[in-house]
Amino acid sequence: MAPPSGMEVEAPAATSSAKEIKSPEVVVPSSLSSLERKKLAAHFMESDERRFSSRRALLLAGGYDPPPSSAAAAGGTMPVDIRGRPIVGDADLSRTGGWVAAFFIFGNEMAERMAYFGLSVNMVIFMFKVMHRPFAASASSVNNFLGISQASSVLGGFLADAYLGRYWTIAIFTTLYLLGLAALTLCAAVPALVPPQDGCDKLAMLLGGCAPPKRWQMAYLEAALYVTALGAAGIRPCVSSFGADQFDERGGEEYKRRLDRFFNLFYLAVTLGAIAAFTAVVYIQMQHGWAAAFGTLAIAMGTSNALFFVGTPLYRHRLPGGSPLTRVAQVLVAAFRKRNAAFDSGDYVGLYEVAGAKSAIRGSAKIEHTDDFRCLDKAALQLDGDLAGGEEEPDPWRLCTVTQVEEVKILLRLLPVPACTVMLSVVLTEFLTLSVQQAYTLNTRVAALHLPVTCMPVFPCLAIFLILALYYHTFAPLARRLTGHPHGASQLQRVGLGLFFSVLSVAWAGLFERYRRGYAVRHGYLGLFLSPMPDLSAYWLLIQYCLIGVAEVFCLVALLEFLYQEAPDAMRSVGSAYAAVAGGLGCFVASAINSAVDAATGNVAEGRPSWLAQNINVGRFDYLYWLLAVLSTLNLLVFIYFAKRYKYRVKLDTQDTATKQQP
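As a starting point, this report considers the structure included with it. Given the structure is predicted, the values throughout are model-derived calculations rather than measurements. (Residues numbered from 1 in each chain as written. Predicted model: local features only at pLDDT ≥ 70, side-chain atom pairs only at ≥ 80, totals over all residues. Heavy atoms only, no water.)

Some words on the packing of aromatic side chains
As a reminder, the rule being used: The aromatic pairing rule takes the rings of Phe, Tyr and Trp, using the six-membered ring of Trp, and pairs them if the centres are within 6.5 Å, calling planes under 30 degrees apart stacked, those over 60 edge-to-face and the rest tilted. By the criteria applied, helices consist of DSSP H or I runs no shorter than four residues and strands consist of E runs no shorter than two, each listed in order from the N terminus. Throughout this description, buried means an accessible area under 20% of the type-specific maximum (1.4 Å probe, protein chains only), exposed means over 50%, and partly exposed covers the range between.
Across all of its chains, the model carries 31 aromatic pairs by this definition. Note on F126 and F294: the rings are 5.4 Å apart at their centroids and 75° apart in plane angle, and the pair reads as edge-to-face. Of this pair, F126 sits in helix α4 (residues 98-129) while F294 sits in helix α10 (residues 290-310), placing them 168 residues apart in sequence. Overall, F126 belongs to the buried group, its relative accessible area being 1%. Residue class for F294 comes out buried when judged on its relative accessible area of 3%.

Shown next, in the form of structure tokens:
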């Protein structure tokens, strides 16, 4: 139906005393559909929200209340202190949040990454040498640990957004993480928790002649590992979001610049933790043993936990908005129940939204309606009788608000972007294992410096560190001149640039591996796959390491920033979990590719070695790298397709709401 012509609205909030004015009469052509009339009406009316309860729907003219101004929107996402009291006024805001609070959070992330990478690089060797597990079984167990710890990050994001808030989620799971590391330290320090080491030399290990672990010993080790994985899963999706929460969203372009710099510094903290794991922890393990190495990780984690809790009075918090999974399920069920309803039916009233500045979802501002995924709009389709009996709150399994429907739409629109980064995680996972095997056949000595093979993964981290340190002095100014973009490049452009560099990295790896294998065949090293070739330096691997480091900087940093800014207000931890889940899926996909390649290319009966033969000089790692290059190229093309069609969310400071096309 056409909008009423005599509806009273508030004057703009800029005046100190608002006067009531009449909205202009609107003549609606009869040819317009009901949905088009609803949209047209929304341009000419505003609700006097003080006349309605905060849960009552706006049914006027089939319209709904558009998102409020920034001042009102702040009510939906207003920062609070640890007791849930709003932080209002410039004086209170100046005493909380900002860079000081963020640096306490950086320390927690640095220690967590140090522990994560420290376990990833050492645990396979610990299981093989100390627990006497077969090398393949050890690698499989650690890959499962890495994959589960990332893929289950959605659990931490869910708990943070639904019930606990990000601070308490980090506090609980970081304590679990510390308990897991302490249990691993105990395993390495107490002889009763590992099998006997007597008579277990290198030859006995290779031949499987060492005493195997007892079932309860492996159960203890795996329990400690998975407690650590659970701790990592709870922390990972929350730390970056909690750090970004410390900055004032009202800052406009200044807020965006601070957020951009925050995520770069955040990833710098990740990189420093990885560098410490690949150097200091490896050195401690070689010089002082496994208990000292794992104990170092536990001490670092305990210290960072203490610093995190010391910063408690400085933190700004966001209220949890209730179960996001329940809200998603309600939208899907409500849309299904009204699947046969039509927008032009006689019972159509409008799209349902609550009155007032705040949405019905705690911790979230209202979200403007969009035309994507129109089938989901039926969840907010209000028909005669949906509010029968004068009830103010409808059944959420039958009628949802526009904001709730838009949350689900946003989650669906975001999915292709992190999904396209799974391939980058596959390449990173393959490099972590395959490049180490390559390094065993190469000379790792430069002048008087001789690096252990297990330290080789430090070079991508050093490349990342260097690029992040120079980012604002080199890339950003140059990119601004070329693109005119205030940040040098948009978030999706940086993700795409990272994926492009990952293609270059794996393509170079294939070229170098072809040369390395040919060199081994020509110089009689075919059967000596654990003997370094003195005239071929391992530092040729630095090219692929540097390229993959550049790929990480552009892709993963921009991905974290993109997910935080684009995710719904009350689902930011779940949005950040998308990145971690993509990383975990990368581990599983890499294992699946390796298994498929091994099964398809190897035939013991015919004497045909697999591409992934244990003897790298007999296998064809170069073919696997070329396969990954092809898959990465196809993945990049798919990403470009979705990125060109993605529309960024626009959070406006006025009543004008729109979406803009990604540049």
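Here's the deal with the environment of P460
Within the fold, P460 resides in helix α15 (residues 458-470). In sequence terms P460 and L547 are 87 residues apart; their C-alpha atoms lie 8.0 Å from each other.

Describing the state of the cysteines
Rules: In plain terms, two cysteine sulfur atoms within 2.5 Å form what is called a disulfide here.
Tallying each qualifying case throughout the model produces zero disulfides. C420 forms no disulfide, and the closest cysteine sulfur to it belongs to C555, at a distance of 9.5 Å. Take C420: its relative accessible area is 5%, and that puts it in the buried class.

Digging into the pattern of salt bridges
Applicable threshold: By convention in these notes, a salt bridge is any Lys or Arg side-chain nitrogen within 4 Å of a carboxyl oxygen on Asp or Glu.
For the structure shown, the criterion picks out 18 salt bridges. The salt bridge partner of R374 is D377, with a shortest N-O separation of 3.7 Å. The exposure class assigned to R374 is partly exposed, which follows from its relative accessible area of 35%. Several salt bridges share partner residues, and in doing so they unite E109, E112, R113 and R236 into one network.

A closer look at a nonpolar patch on the surface
Note the threshold: In this scheme, patches are assembled from residues that exceed 30% relative accessible area and form no salt bridge. Like charges are connected within 9 Å, while nonpolar side chains (Val, Leu, Ile, Met, Phe, Trp, Tyr) are connected within 5 Å. Accessible areas in this description were obtained via Shrake-Rupley with a 1.4 Å probe; residue shielding takes into account the shown protein chains only.
A grouping of I82, Y163, L164, W168 and I172 is seen on the molecular surface, where their side chains present a nonpolar patch of about 470 Å² in accessible area. You can see W168 is positioned in helix α6 (residues 153-189). Residue W168 is classed as partly exposed on the basis of its relative accessible area of 44%.

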